[in-house]
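Understanding the architecture of this molecule
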Amino acid sequence: MIRELSPAIFRSESKVKILTFLILCFASVALADDFKTIDGKEYKNVTVSRVEPDGIVLISKSGISKVYFTELSKEDQESFHYNAAQAAAYSAEQAASQETFQTQQAELRRKLTEEKNRYWTGQEPAKNPQDKLPAGAPVVAGRGQQVEVISHGAQVDITKHLALGNVTVVDFYADWCGPCKQLSPTLEQMARTDPEIALRKIDIVNWNTAVAKQHNIHSIPQVNVYNRGGRLVGTVVGVSIEEVKRYVAQAKTGG
């Protein structure tokens, strides 16, 4: 004898099937994947964290990378529904936003410089002792050198910021990058405790900024190590402090 399923049981089974389907969908998104660019560069065991009109943002254990659709095969482009016109419009919008940001930052720096000049020339005396600008903290011998952020998205000539005679470590990072936050404290500790190391930090802000394009930054954190004469000894992409230390030791001996 064939028994008919009651409506309640049927609805219950349907809900289970739908829930199972959703779980499988989310699991497939979370699964790591491999990508290979048309020039042969490989991204293994990575997760797509975000799809943008002009490319995909990948996360791995070592860092965050952006791969542009123009670097991927036609098959990958089609799988992410790449549209060249939309990508171009998005890139133009990002560039315009960055230009506006840089203009605002330049205007802010100009105003701050003018205020300081007026103060020091006596045109704008301080209202009370608390208004005086604090003197810069001197670098204490044997306690490392000052950590300096030399760019917030704008182009920068790194050669002008090298501490010649010492080893210079340049850290490319972003505030939203988790692996960068993991690596930065160790780099800063190295610079604070070793007087032969100078740390220069470059905030790329986002993948479309002038400094990211200038130095072809597609993955962060990225660390460049320069020897005492200003020559690039090595580049480390990802969180690998031991590799950074090896390059630093090499740079100290002349590279």
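Residues numbered from 1 in each chain as written. Predicted model: local features only at pLDDT ≥ 70, side-chain atom pairs only at ≥ 80, totals over all residues. Heavy atoms only, no water.

Comments concerning the confidence of the model for the protein
Put simply, the protein has an average pLDDT of 79, and 74% of its residues get 70 or more. Confidence drops under pLDDT 50 across residues 21–30; counting only partners more than four residues distant or on other chains, this segment forms two contacts. Overall, residues 126–142 carries pLDDT values under 50, and its contacts beyond four positions in sequence, including any with other chains, amount to twelve contacts. (pLDDT = per-residue confidence, 0-100. Contact = heavy atoms within 4.5 Å.)

A closer look at the state of the cysteines
If you walk through the whole model with that rule in mind, you get one disulfide. Bridging C177 to C180, the disulfide has an S-S length of 2.4 Å. Residues C177 and C180 are joined by a disulfide whose S-S torsion is about 80 degrees; by sign, that bridge is right-handed. Taken individually, C177 and C180 each receive the classification buried, so the pair is uniform in this respect. (Disulfide = S-S within 2.5 Å. Buried < 20%, exposed > 50% of the residue type's maximum accessible area, 1.4 Å probe, protein only.)

Concerning unusual backbone geometry
In this model, I220 is joined to P221 through a cis peptide bond whose omega is 0 degrees. Along the chain, P221 turns up in the loop between β8 (219–220) and β9 (222–226). Its identity as a non-glycine residue notwithstanding, V205 has a phi of 70 degrees, on the positive side. If you trace the backbone, V205 turns up in the loop between β7 (197–203) and α5 (210–214). (Helix = DSSP H or I, 4+ residues; strand = E, 2+ residues; numbered from the N terminus.)

As for helix α4 (residues 178–193)
Helix length check: α4 (16 residues) gives 24 Å between terminal C-alpha atoms against 22 Å at 1.5 Å per residue, within 8%. In α4, a bend of some 25 degrees at S184 exceeds every other bend along the element, and P185, a proline, comes one to four places later. Looking only at α4, the buried set comprises P179, C180, L183, S184, L187, M190 and A191. Tucked inside the fold, the buried residues of α4 contact β4 (64–68), β6 (167–173), β7, β8, β9 and α6 (241–252). (Expected span 1.5 Å × (residues − 1). Bend = angle between axes of the 7 residues up to and from the residue.)

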